[in-house]
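# Breakdown of the fold
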Amino acid sequence: MVKAAAIGDRLVGKIGDFGPLFEYTIKLVLLASFLELVLYRLVSRLGMHLSKLAADHPWITPTFTTLTEVGAWLLNIVAVLLFLGLILAMAQRVSRYEASRMVKGGTACAAVLLLLTLAFLVVSPGMLGAAIYNSVAVLTLTLFVAEYVTTHQERSQRLLVVTYYLGISGWLYYQIISTLYGLSGTVAAPPLVYESHRAGEALMVVASILVFVAYGHGLSLRTTNRRQRARAMAFWATAGVIFTTLLFTDYWLDSYNPILASAIRQASQGIGWIFQFGMGYTFYLPFALYVAGLLCWAYTVVKLLMMGRVAGYGLGLMFIAGYALMFSNLTLMVVLGVILLTLDRGKPAVAERLAEPNGRLVGASEGLLVKEA
């Protein structure tokens, strides 16, 4: 008698499908990374920006000092969790799917990246070490992005990942070429570094909007479900009002009250300064585009997290890392996020055949036991 078990093609992007250790590690990585972004990379810069107010308000200095210390402590926690998360993600990626050359190469490069991070904790990397580290990071992302494109069929998802890859590569190219030119002592300006830096930031903003297109399904106005239609109308109306208001606020305020418009411009410059040092965005594009990207990313990530999808954790880490990967933990955060995206995919059919002694086979229509996970 033959027993065959077949698992149909379905999405296996649930975080719980990979075991409790993997699940809780990735959840802790995302939570700690978000708190580190807020408390260390953003709040600490905000405290520096409020130094003038600290003279009149004594509570400002100790409050922001405490928050910054907590953020610095979280930075070390994030680094440890990233190491564990990357090791588990690489093990899952190799064990659960057929290990192609791209997967093996990407996993090997990610392992080298971890070893380089450990080595640079003991020995100062210097300019050459920084260039090597960023080069390995580019190669790692290239292999995993290529693997993602070959295993995911939806064009919107491919477009998202390729756009993000080109965007973050703009920063890495800027870092690698500038470092190599500085190491060689060449006084000439490196080719296309500033252009790649600006193009990369623009592509990152576009990618944050494409996140909604690729993974944020469920807000279509064509749906027949009244509740979903009402939710979609509320979302698009709110987003449209915010986008239009931000796009024309400066013009309207300048026509109505130039003094108020000038004050708001100064405040926006302060916000831009905080995000520039915290995440690397220079805000040379219209501010409304950045807000639109933030809304699209936040909605999609929250929705995917509520569904328990691995893609939500991957997209969260990729954009929490920001654009300027100034620290090694931010680079590892991006690599882990891309690996998590590759884990969110369809499961191929699996069949197990057990032949009876006389070798007869049972018909497929009667001998298939469909197992649903």
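Conventions adopted
- Residues numbered from 1 in each chain as written.
- Predicted model: local features only at pLDDT ≥ 70, side-chain atom pairs only at ≥ 80, totals over all residues.
- Heavy atoms only, no water.
- Helix = DSSP H or I, 4+ residues; strand = E, 2+ residues; numbered from the N terminus.
- Buried < 20%, exposed > 50% of the residue type's maximum accessible area, 1.4 Å probe, protein only.
- Contact = heavy atoms within 4.5 Å.
- Areas by Shrake-Rupley, 256 points an atom, 1.4 Å probe, with all protein chains shown as cover.
- Core = buried A, V, L, I, M, F, W, Y, C linked by side-chain atoms within 4.5 Å.
- Expected span 1.5 Å × (residues − 1).
- Bend = angle between axes of the 7 residues up to and from the residue.
- Axes fitted to C-alpha atoms, helices over the stretch in contact; angles between N-to-C directions.
- Parallel < 35°, antiparallel > 145°, perpendicular 65-115°, else oblique.
- Left-handed = near helix turned anticlockwise from the far one by under 90°.
- Nonpolar A, V, L, I, M, F, W, Y, C, P; charged D, E, K, R; others polar.
- Salt bridge = Lys/Arg side-chain N within 4 Å of Asp/Glu carboxyl O.
- pLDDT = per-residue confidence, 0-100.
- Patch = residues over 30% accessible without salt bridge, like charges linked within 9 Å, V, L, I, M, F, W, Y side chains within 5 Å.
- Phe/Tyr/Trp six-rings, centres within 6.5 Å; stacked < 30°, edge-to-face > 60°.

When its secondary structure is counted, the protein chain shows 13 helices and five strands. The buried share among the 373 residues of the protein chain stands at 42%. Partitioning the intrachain contacts of the protein chain with sequence separation of at least 6 by distance along the chain shows that 76% fall at a separation of at least 24. Total accessible area computed for the protein chain in this model is approximately 20,100 Å², and 68% of it derives from carbon and sulfur atoms.

Before going further, it helps to spend a moment on the nonpolar core. Formed by 72 residues in total, the largest nonpolar core has its most connected members in Phe22, Tyr215, Leu315, Leu336 and Leu340. Among the elements that take part in this core, helix H12 (residues 328-343) stands out by supplying eleven residues, more than any other. Apart from the residues within four sequence positions on either side, Phe22 is in contact with Ile15, Leu88, Ala89, Gln92, Leu340 and Leu343.

Turning to helix H7 (residues 193-215), a few remarks are in order. One turn of an α-helix holds 3.6 residues; hence residues three or four places apart share an orientation. For H7, built from 23 residues, the straight-helix expectation of 33 Å at 1.5 Å per residue is met to within 8% by its first-to-last C-alpha distance of 32 Å. Taken as a whole, H7 carries its principal kink of about 30° at Ile209.

Interhelical geometry of helix H5 (residues 126-151) versus H12 gives an angle of 10° and a closest axis separation of 9 Å. Relative to H12, H5 is oriented roughly parallel. Like other packed secondary-structure pairs, H5 and H12 cross with a definite hand, here left-handed. Contacts between H5 and H12 involve Tyr133, Ala137, Thr140, Leu141, Phe144, Val145, Glu147 and Tyr148 from the former and Ser328, Thr331, Leu332, Val334, Val335, Val338, Ile339, Leu341 and Thr342 from the latter. Looking at the contact of H5 with H12 residue by residue, the classes come out as twelve nonpolar, four polar and one charged.

This part covers the pattern of salt bridges. With the rule as written, the count across this model stands at four salt bridges. In this structure, the salt-bridge partner of Arg41 is Glu36, at a minimum N-O distance of 3.2 Å. For the residue pair Arg41 and Glu36, the accessibility class agrees, reading buried in each case. Residues Asp344 and Arg309 are paired through a salt bridge, measuring 2.8 Å at the closest nitrogen-oxygen approach. Of this pair, Asp344 sits in the loop between H12 and strand S3 (346-347) while Arg309 sits in the loop between helix H10 (287-307) and helix H11 (310-320), and the two are 35 residues apart along the sequence.

Let's shift gears to the confidence of the model for the protein chain. Taken as a whole, the protein chain shows an average pLDDT of 79; of its residues, 73% reach a score of 70 or greater. In this model residues 1-11 is a low-confidence stretch, pLDDT under 50, and it forms 45 contacts with partners more than four residues away in sequence or in other chains.

The subject of this paragraph is the packing of H7 against H11. Where H7 meets H11, the closest approach of the two axes is 12 Å, and the angle between their N-to-C directions is 170°. By the angle between their axes, H7 is roughly antiparallel relative to H11. Across the interface between the two elements, Met204, Ala207, Ser208, Val211 and Tyr215 of H7 pack against Ala311, Leu315 and Phe319 of H11. Split into classes, the residues belonging to the contact of H7 with H11 amount to seven nonpolar, one polar and no charged.

This part covers a nonpolar patch on the surface. A cluster of nonpolar residues, Leu115, Leu118, Leu121, Val122 and Val123, forms a patch on the protein surface that exposes about 560 Å² of accessible area. Checked against the element boundaries, Val122 lands in helix H4 (residues 101-122). Note on Val122: relative accessible area 73%, which makes it exposed.

Another aspect to go through is the packing of aromatic side chains. In this description, an aromatic ring pair is defined by two values, namely the gap between the centres and the angle between the planes. Scanning all chains against the criterion turns up ten aromatic pairs. Ring centres 6.1 Å apart and planes at 50° place the aromatic pair Phe120 and Tyr133 in the tilted group. Taken together, the residues span a long stretch of sequence, with Phe120 in helix H4 and Tyr133 in helix H5 at a distance of 13 residues. Geometrically, the ring pair formed by Trp171 and Tyr174 is tilted, given 5.6 Å between the ring centres and 40° between the ring planes. Placement of both Trp171 and Tyr174 in helix H6 (residues 155-184) is noted, with a separation of three residues, approximately one turn of the helix. Exposure remark for Trp171: the relative accessible area of 6% places this residue in the buried category.

Residues other than glycine seldom take positive phi values, yet Leu192 does so here, at roughly 60°. Structurally, the position occupied by Leu192 is in the loop between H6 and H7.

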